[in-house]
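Per-entry structural report
So you can see what is in the structure, the chains are spelled out below.
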Number of protein chains: 2
Amino acid sequence: MNDQAQQDQYFMQKALDEAKLALKKGEIPIGAVVVAQGQIIARAHNMTEALTDVTAHAEMQAITSAAHFIGGKYLKNCVLYVTIEPCQMCAGALYWSQIDEVVYGARDQQRGCITMGTTLHPKTKFRGGIKEAEAGQLLVDFFKQRRK
Amino acid sequence: MNDQAQQDQYFMQKALDEAKLALKKGEIPIGAVVVAQGQIIARAHNMTEALTDVTAHAEMQAITSAAHFIGGKYLKNCVLYVTIEPCQMCAGALYWSQIDEVVYGARDQQRGCITMGTTLHPKTKFRGGIKEAEAGQLLVDFFKQRRK
C-alpha cells in the first residue's frame, strides 16, 4: 500500500471506531473524523437519539467540533473521513465548510448525496469505498437488530 | 385577508424580527420561527459568526430548539417560517424532521434549495413569497454594509 492508501485505512478505522461507539449507545452506527496535517482534530458519531435532534449526524458534529478546534468556520485544509456517504444535510454543511476533501466508506444508495444530487463546494475532492464492507455491515446489523 | 394570510404575515414578521436581531449582531440577517398549533415554539437567527460554525443557520437552530421543546425528534405538526428560502443543508435537515410545512420569505436564487434541487420530505408542504421584499432587503443592506 502507498502512503495515501495506508492513511485512508488508518483514518477510516478511526471513523469506524466512532460508528461502533454509536452502536453501543443504540445510535445509528455512523462515525466520522476530521484530519488536518495528518492529525485527527475531531471525532464524532451519530447522536440523534441522545440529543433528540435529527441534525445530530456524525458529520455535523465533526464539522462543528473541527471548527471549534481550529478557531475558524472554514475547514479548507481538512479531510473528513465518514463511514457512510453523507446525506443532503451533511453534504450541504460540507459545502459551506469549504472542506478540502471528503472520503466516505460505503454508499447510501437511497438517501446519500450522490443519489440526491447535492452539490459540494467546487474545491472539495470527493471519493469513497474505503473499508466499505465493514461500514455497511454495521448498518445492516443495526437495522436487523432494531427490527427484532 | 383570510386567516391563513393573516397568520402568514404575523409569523413571518416574527421571523423578520429574528433576522433583525442577527443584523444587530453582525450576523447574516436570516430569521426563523417554528409554529405548532398556532403558537411559536422556537425562534432563531443565523449565528454562524458567534458560534464560529457554518452549520449554525437560523433553520438549524430552530429545528433543534423546536425538537427540544417538543421532546421528540420529529416536527410532524409544525410549520417553519424562515425569511429566506433554505439552503441545501437546511432543506436536508427539514427533510429528516418530517416537518408539516415550510414557508419562506424571499427566494435565494443562487444557493437556495429550489435552485440546488434539494429534496424535501414527501409529506412537507413548501411555499414562499411572504414579506419577501422586506426579507430580501435585509440581506441586500447587510452585504452592502459589509462591502464598505
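Placed above this text is the structure.
A brief look at the structure comes next. (Residues numbered from 1 in each chain as written. Chains lettered and ligands numbered in written order. Predicted model: local features only at pLDDT ≥ 70, side-chain atom pairs only at ≥ 80, totals over all residues. Heavy atoms only, no water.)

The next thing to look at is the interface of chain A and chain B. Contacts between chain A and chain B engage 30 residues on the former and 30 residues on the latter. On the chain A side of the interface with chain B, the three residues burying the most area are Val54, Lys73 and Trp96 of chain A, jointly 28% of the side's total. Summed over the shared surface of chain A and chain B, the result is two salt bridges. The partner of Lys73 of chain B in a salt bridge is Glu49 of chain A, with the nearest N and O atoms 2.7 Å apart. Linking chain A to chain B there are eight residue pairs in polar contact (both at pLDDT 80 or more). Examining the composition of the side of chain A that touches chain B, we find that seven residues originate from one element, helix H3 (residues 88-97) of chain A, more than from any other. A class-by-class count of the residues in the side of chain A that touches chain B yields 12 nonpolar, 14 polar and four charged. (Contact = heavy atoms within 4.5 Å. Buried area = accessible area lost by both parts, 1.4 Å probe. Salt bridge = Lys/Arg side-chain N within 4 Å of Asp/Glu carboxyl O. Polar contact = N/O pair within 3.5 Å; in protein donor to acceptor, adjacent residues only side chain to side chain. Helix = DSSP H or I, 4+ residues; strand = E, 2+ residues; numbered from the N terminus. Nonpolar A, V, L, I, M, F, W, Y, C, P; charged D, E, K, R; others polar.)

The transform that puts chain A on chain B rotates by 180 degrees and translates by 0.0 Å along the axis, for an RMSD of 0.0 Å. Both copies are brought into coincidence by an operation consistent with a two-fold rotation axis. Across chain A, the smallest distance between a C-alpha and the rotation axis is recorded for Met89 of chain A, namely 2.0 Å. (Least-squares fit on C-alpha atoms with pLDDT ≥ 70 in both.)

What follows concerns unusual backbone geometry. All names here are of chain B. You will see that Gln37, though not glycine, has its phi angle at about 50 degrees, which is positive. Here Gln37 lies in the loop between strand E1 (31-36) and strand E2 (39-45). A positive phi angle is found at Lys131, which is not glycine, with a value near 50 degrees. In this structure, Lys131 sits in the loop between strand E5 (125-127) and helix H5 (132-147).

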